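Take a look at the letters that make up each chain.
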Amino acid sequence: MKKRLITGFKPTGDIHIGNYLGVIKDLIDYEKKFDTFVFIADYHALTTVKDKKELKKNTLEIAKTLLAIGLNPEKTTIFKQSDIPEVCELTWVFNCLMPMPLLERAHAYKDARAKNKSINVGIFDYPILMASDILIYDSEVVPVGKDQKQHVEIARAVAQKFNNQYRELFLLPQESIKKEVATITGLDGRKMSKSYNNVIGLFDDEKTTIKKVMSIVTDSSRPEDPKNPEKCNIFALHKYFSKNQLSDLRKRYKEGKIGYKESKEILAQNINKELSKIRQKKAELDKNEKYVKKILEEGAEKARQIAFKKIQKVRKTIGLKI
Ligand code: ADP
Ligand code: TRP
């Protein structure tokens, strides 16, 4: 039996190349090795998205992305989180077990508080919902970006707490983080993130991609100045998109034989080349949303069977079933 792998994507905005390189691209390999579950975390998105149209659109966008990168729905179970309401029930069960201070230490909640954002209960409870997503399907491997590490640790703590309190019902999941792409930098040199508005969209058209790449922030070195590639926001992306030219580019940087403008032009060209197939497939799916919805329904059916069985066991274990 293959181990189960799970990951989720929040439908909160356009998918960017940070998401793509950090996690999405590898799903193609994962589906060969694992029983792979990938879902659209629309319940999680509700913590921030209040516009119904936007939520629907973004949800479909992620589904299309997963299909456009070439995931095989026969191998990977692709579904929408909210089609499995059992995760909410499990969240409540876990809520009643976990101590407040554990969640008060969670980065996402602390960040939200520090930014003085108006905080809803959902943001506070976010990691417990995520633990339910993972644990309800007996998932063992959770590929995520570095920023999600703590959430998977909390999921482990939740499983342990339940198992100690009642009986060994949940497997302990493990995060899987690709070291070399732990964090993709954005146009301004900070982590590429929707919330920083510094992203290159996976489905930006070629012109927009070029425009954005040309706007990457650099220092003011002239073309003839020797430059440190490791401190350059453009070079940080060459590492993923210009693999064949990397040693040559590194040399030219160090010897002052390339300007940032040329470096950006090469990068934009390589990004557009690598993404052209995916972008084309996505455009085809845009015209066939019926198919995309059908895939989500089939995925939900499969995921729900597993979740239903698990929640029955939970109910029995904790005394809800009389
Ligand atoms: P964002 O930060 O843009 O809101 P999400 O939180 O929706 O992105 O992230 C979806 C997935 O992509 C998560 O597993 C996350 O860790 C990963 N990810 C997001 N941004 C990056 C990045 N800049 N580098 C690597 N992985 C990322
Ligand atoms: N919290 C994740 C993010 O912001 C999305 C997510 C929700 C998730 N549930 C999950 C990821 C379960 C992995 C496993 O990106």
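What you see is a predicted model, and the numbers here were worked out from it, not measured in a lab. (Residues numbered from 1 in each chain as written. Chains lettered and ligands numbered in written order. Predicted model: local features only at pLDDT ≥ 70, side-chain atom pairs only at ≥ 80, totals over all residues. Heavy atoms only, no water.)

Draft legend 1. A look at the site of ligand 1. Around ligand 1, the surrounding shell holds 17 residues, and the nearest of these are H16, G145, D147, I184 and K194. N19 is positioned with one of its side-chain polar atoms (N or O) 3.2 Å from an oxygen atom of ligand 1. For ligand 1, the accessible surface in isolation is 540 Å², of which the surrounding protein chains cover 93%. Residues that form the shell around ligand 1 fall into these classes: 6 nonpolar, 8 polar and 3 charged. (Near = heavy atom within 4 Å. Polar contact = N/O pair within 3.5 Å; in protein donor to acceptor, adjacent residues only side chain to side chain. Areas by Shrake-Rupley, 256 points an atom, 1.4 Å probe, with all protein chains shown as cover. Nonpolar A, V, L, I, M, F, W, Y, C, P; charged D, E, K, R; others polar.)

Draft legend 2. Structural context of the environment of S263. Among the structural elements, S263 can be located in helix α13 (residues 260-286). C-alpha separation for the pair S263 and M214, spaced 49 residues apart in sequence, amounts to 9.4 Å. The residues contacting S263, other than those within four sequence positions of it, are I234, H238, Y253 and I258. (Helix = DSSP H or I, 4+ residues; strand = E, 2+ residues; numbered from the N terminus. Contact = heavy atoms within 4.5 Å.)

Draft legend 3. Broad picture of the packing of aromatic side chains. In this structure the tally under the stated criterion is 12 aromatic pairs. Relative to F79, the ring of F37 lies with its centre 5.9 Å away and its plane at 80°, an arrangement referred to as edge-to-face. Pair noted here: F37 is in strand β2 (residues 35-40) and F79 is in strand β3 (residues 77-80), with a separation of 42 residues, a long-range link. Of the residues examined, F79 reaches a relative accessible area of 1% and is grouped as buried. Each member of the aromatic cluster is reached from another via a ring pair, and the members are F37, F39, F79 and Y137. Note that K227 overlies the ring of Y260, its terminal NZ or CZ placed 5.5 Å from the centroid. (Phe/Tyr/Trp six-rings, centres within 6.5 Å; stacked < 30°, edge-to-face > 60°. Buried < 20%, exposed > 50% of the residue type's maximum accessible area, 1.4 Å probe, protein only. Lys NZ or Arg CZ within 6 Å of the ring centre and 35° of its normal.)

Draft legend 4. Looking closely at the domain arrangement of the chain. Examined at the domain level, the chain breaks down into domain 1 (4-183 + 289-318) and domain 2 (203-283). Counting each side, the surface lost to burial between domain 1 and domain 2 is near 1,000 Å², with a carbon and sulfur contribution of 66%. Ranking the residues of domain 1 by area buried against domain 2 places I17, Y20 and A68 at the top, with a combined share of 42%. Taken together, the links from domain 1 to domain 2 amount to 2 salt bridges. A salt bridge links E61 to K282, with the shortest nitrogen-to-oxygen separation between them at 3.2 Å. Applying the counting rule to domain 1 against domain 2 returns 4 residue pairs in polar contact (both at pLDDT 80 or more). When residues of the side of domain 1 that touches domain 2 are traced back to their parent elements, those giving at least two are α1 (17-22) and α4 (52-68). In terms of residue count, α4 provides more of the side of domain 1 that touches domain 2 than any other element does, 5 residues in total. Its residues assigned to classes, the side of domain 1 that touches domain 2 shows 7 nonpolar, 1 polar and 4 charged. (Domains from an automatic or database assignment. Buried area = accessible area lost by both parts, 1.4 Å probe. Salt bridge = Lys/Arg side-chain N within 4 Å of Asp/Glu carboxyl O.)

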